[in-house]
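Overview (structure and organization)
Okay, here's what each chain looks like letter by letter:
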Amino acid sequence: MKTQVALRLEDSIVESARREAERQNRSLANLVETALCEILVSANGEVPVLSLLDHDDLAGAVAVDDNGDVDDQETGRLQHLVAIAREERGG
């Protein structure tokens with residue numbers, strides 16, 4: 001489910017973001033959403049590490065901590081990002 005939000009941003013930031021979104025062939029909303037997701041995933045300074053996979057489907061991917069143990073919270077965040085990416089690709 002998507003929620004519409006209204007933000008007040010500096011004109012120069014919005015214009016730069018629009019140009020970057022256009023350069024990446026994506027919507028401004030997608031650019032902002034993706035940036036927020038990346039910030040929120042690494043908010044505590046830890047970024048999940050992916051193991052090598054034999055295929056492009058990340059459905060079974062998990063995040064591990066520095067000890068190599070599965071991190072359930074980070075795995076949940078990772079799966080959320082995968083779902084967003086899959087939705088953006090239309091699949």
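Residues numbered from 1 in each chain as written. Predicted model: local features only at pLDDT ≥ 70, side-chain atom pairs only at ≥ 80, totals over all residues. Heavy atoms only, no water.

**Quick word on the overall build of the protein chain**
Helix and strand counts for the protein chain come out as three helices and zero strands. When the elements of the protein chain are put in sequence order from the N terminus, they spell out α-α-α. For the protein chain, buried positions account for 16% of its 91 residues. Sequence separation of at least 24 residues holds for 39% of the intrachain contacts in the protein chain that already meet a minimum separation of 6. Summing over all exposed atoms, the protein chain offers an accessible surface of approximately 7,500 Å²; the carbon and sulfur share of this is 51%. (Helix = DSSP H or I, 4+ residues; strand = E, 2+ residues; numbered from the N terminus. Buried < 20%, exposed > 50% of the residue type's maximum accessible area, 1.4 Å probe, protein only. Contact = heavy atoms within 4.5 Å. Areas by Shrake-Rupley, 256 points an atom, 1.4 Å probe, with all protein chains shown as cover.)

**Some points on the side chain of D71**
Here D71 is to be found in the loop between α2 (28-41) and α3 (72-88). Buried within the structure, D71 lacks any salt-bridge partner; R77 is the closest side chain of opposite charge, at an N-O distance of 7.6 Å. Within the local environment of D71, its side chain forms a polar contact with the backbone nitrogen of E74, the two atoms lying 3.0 Å apart. (Lys, Arg positive; Asp, Glu negative; His and termini not counted. Salt bridge = Lys/Arg side-chain N within 4 Å of Asp/Glu carboxyl O. Polar contact = N/O pair within 3.5 Å; in protein donor to acceptor, adjacent residues only side chain to side chain.)

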